[in-house]
Amino acid sequence: MNIYVEVSELMKVISLSPAAWESNSYLLVHGGKALLVDAGAPTERIAETLASEGATLSAILLTHGHFDHILSIDALRDKYGVPVYVHRGDAPMLTDSRKNAYAYFFRGERSWRAADRLLSGGDTIPFGDKTVRVLHTPGHTEGSVCYRVDDLLFSGDTVFADGYGRTDLEGGSYEALTRSLTTLFALPEGLTVYPGHGMAATLEQAKRNLGF
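Novice: How would you sum up the environment of Y85? Please name residues and give values.
Specialist: Here Y85 shows up in strand β6 (residues 84–87). Along the primary structure Y85 and R113 are separated by 28 residues, whereas in three dimensions their C-alpha atoms are 12 Å apart. Aside from chain neighbours lying at most four places away, what touches Y85 is A59, I60, L61, L62, R117, L119, I125 and Y147.

Below, the structure written as structure tokens:
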């Protein structure tokens, strides 16, 4: 079931959750355009939601390169001709079953086409009259990022409402994740966090739940 969150009269967050392996995918709809943050949800479900909103998909923004967050990227690129963005640190994960953890869980091969655009921390992505800001938050993976739009923070598997992502897969680092969490928790506490798994929360709630 889709969860609709009216952020304002002009912007809407649609949670396509739960998706594969309980991951979250989000559609950010604004001015008839949409950005997809992570693509674990089935292509058909994403397409139906776009149609019901009367919105055109502009791009797919990946918070990181694990398989449960990228499942539909190739089908969506074929259907809509949109670019996939990922941090350059996670670029190799899309094309490598070991790096994207599919081989770790299923002892099989699964890969996707390379990303179209590589990001760095501090980059910005225009979205109508809004700006998406890229925050590099390594730890869960080398190239994990959070996307900030106004008072919204799409955090992937860096931070959840009541926890944080694992660090024992390839590219993970507990020390790096601790530094990333420290940086995130210095942001305004009223930000709404939309994580890669689980329910949304304010940054203040997540900070309190993690004991920071």
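Novice: Give a description of the nonpolar core that names residues and reports values.
Specialist: Counting 29 residues, the largest nonpolar core has L27, L36, L57, I60, L62, I73 and L94 as its most contacted members. Among the secondary structure elements, those contributing two or more residues to this core are β2 (11–16), β3 (25–30), β4 (33–37), α1 (43–53), β5 (56–61), α2 (73–80) and β6. Beyond its immediate stretch of four places on either side in the chain, I73 contacts A39, I60, L62, V84, L94, W112 and R113.

Novice: Now, about the pattern of salt bridges: what can you tell me, with residues and values included?
Specialist: Oppositely charged side chains can form a pair if their charged atoms are brought close together. With the rule as written, the count across this model stands at nine salt bridges. Across the pair R98 and E170 runs a salt bridge, and its minimum N-O distance is 2.4 Å. Placement of the pair is R98 in the loop between β6 and α3 (102–106) and E170 in the loop between β11 (152–156) and α4 (174–184), with a sequence separation of 72 residues. Residue classification places E170 among the partly exposed residues on the basis of a relative accessible area of 34%. Each of the salt bridges in this network shares a partner with another, and the network as a whole consists of D74, R77 and D116.

Novice: Which residues make up the environment of Y147, and what values go with them?
Specialist: By secondary structure assignment, the location of Y147 is in strand β10 (residues 145–149). A distance of 2.7 Å separates a polar side-chain atom of Y147 from the backbone oxygen of L62.

About the criteria used
Residues numbered from 1 in each chain as written. Predicted model: local features only at pLDDT ≥ 70, side-chain atom pairs only at ≥ 80, totals over all residues. Heavy atoms only, no water. Helix = DSSP H or I, 4+ residues; strand = E, 2+ residues; numbered from the N terminus. Contact = heavy atoms within 4.5 Å. Core = buried A, V, L, I, M, F, W, Y, C linked by side-chain atoms within 4.5 Å. Buried < 20%, exposed > 50% of the residue type's maximum accessible area, 1.4 Å probe, protein only. Salt bridge = Lys/Arg side-chain N within 4 Å of Asp/Glu carboxyl O. Polar contact = N/O pair within 3.5 Å; in protein donor to acceptor, adjacent residues only side chain to side chain.

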